[in-house]
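Now for the letters of each chain:
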Amino acid sequence: MMDHMEARIVKLESVTEKILDRLEAVERDVAVIRANYVTKADLAMVESSLKVSIAAVESSLKVSIAAVESSLKVSIAALEATMLKWFVRTGIALAGLSIALSGLAFAAAKYIN
């Protein structure tokens, strides 16, 4: 019976050593996880940094958009002025051409009659 108990003790010691080895491996893995994975505090810090960066980009975009709008308004106003001048000049030229052609038509009618 003593031999049987001794065999069991040896077996238990062997199993205990294996359990301890596996426990050490698990402790190493947990240490690696703790060293390499993100914590809630890390995420909060990144979130805060992103919020600041996004706010800066939004502000910069608003300024850029306002500058583009202003530039477009100036360009459109200049284009409207140019087109208005062109229409007026074209109207005057067409009116002058109409008067000249009318005069020519009357002169031609006098010579024909």
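Placed above this text is the structure.
Numbers given for residues are sequential positions, taken from 1 along each chain in its written order. A pLDDT threshold of at least 70 governs which residues receive local features in this predicted model, and a stricter bar of 80 or more applies before side-chain atom pairs are shown or counted, although totals over entire chains, interfaces and linings include all residues. The basis for the side-chain values is all heavy atoms of the structure; hydrogens and waters are excluded.

Observations concerning the overall build of the protein
Per the convention used, a helix needs a DSSP run of H or I reaching at least four residues, while a strand needs a run of E reaching at least two, with both numbered from the N terminus. For the protein, the helix and strand inventory stands at two helices and zero strands. In this setup the radius of gyration rests on C-alpha atoms only. A globule is expected at 2.2 Å times the number of residues raised to 0.38. Taken over the C-alpha trace, the protein has a radius of gyration of 47 Å; the compact-globule value for 113 residues is 13 Å, which it surpasses by more than 25%. Principal-axis analysis of the C-alpha atoms places the extent of the protein at approximately 155 × 30 × 10 Å. Only the protein chains shown count as cover for residues, with accessible areas throughout obtained via the Shrake-Rupley method and a probe of 1.4 Å. Accessible surface, the protein as shown: approximately 10600 Å² in total, 69% of it carbon and sulfur. Counted as positive: Lys and Arg. Counted as negative: Asp and Glu. His and the chain ends are not counted at all. For the purpose of locating charges, the reference atoms are NZ of Lys, CZ of Arg, CG of Asp and CD of Glu. Of the side-chain charges in the protein, 13 are positive and 13 negative, and the distance between the mean point of each set is 22 Å.

Some words on the packing of aromatic side chains
One pair of aromatic rings is described through two measures. These are the centre distance and the angle between the planes. Ring pairs are drawn from Phe, Tyr and Trp, using the six-membered ring of Trp, whenever the two centres fall within 6.5 Å, and their geometry is named by plane angle: stacked under 30 degrees, edge-to-face over 60, tilted for the rest. A complete count under the given rule lists one aromatic pair for this structure. Here Trp86 and Phe87 contribute two aromatic rings whose centre-to-centre distance is 5.4 Å and whose plane-to-plane angle is 65°, an arrangement assigned as edge-to-face. The exposure class assigned to Trp86 is exposed, which follows from its relative accessible area of 53%. Per-residue accessibility, obtained with a 1.4 Å probe over protein chains only, is compared with the maximum for each type, and a residue is labelled buried under 20%, exposed over 50%, and partly exposed between these values.

Structural notes on a negative patch on the surface
Patches draw on residues past 30% relative accessible area with no salt bridge. Two like charges within 9 Å are joined, as are two nonpolar side chains (Val, Leu, Ile, Met, Phe, Trp, Tyr) within 5 Å. Salt-bridge detection follows one rule: a side-chain nitrogen of Lys or Arg within 4 Å of a carboxyl oxygen of Asp or Glu. Taken together, the side chains of Glu13, Glu17, Asp21, Glu24 and Glu27 define an acidic patch exposed on the protein surface. Take Glu17: it is sitting in helix H1 (residues 2-36). The class of Glu17 is exposed, set by a relative accessible area of 53%.

Looking at the environment of Arg89
With respect to the helices and strands, the residue Arg89 is situated in helix H2 (residues 40-112). The exposure class assigned to Arg89 is exposed, which follows from its relative accessible area of 60%. Linking Arg89 and Asn36, residues 53 residues apart in sequence, is a C-alpha distance of 76 Å.

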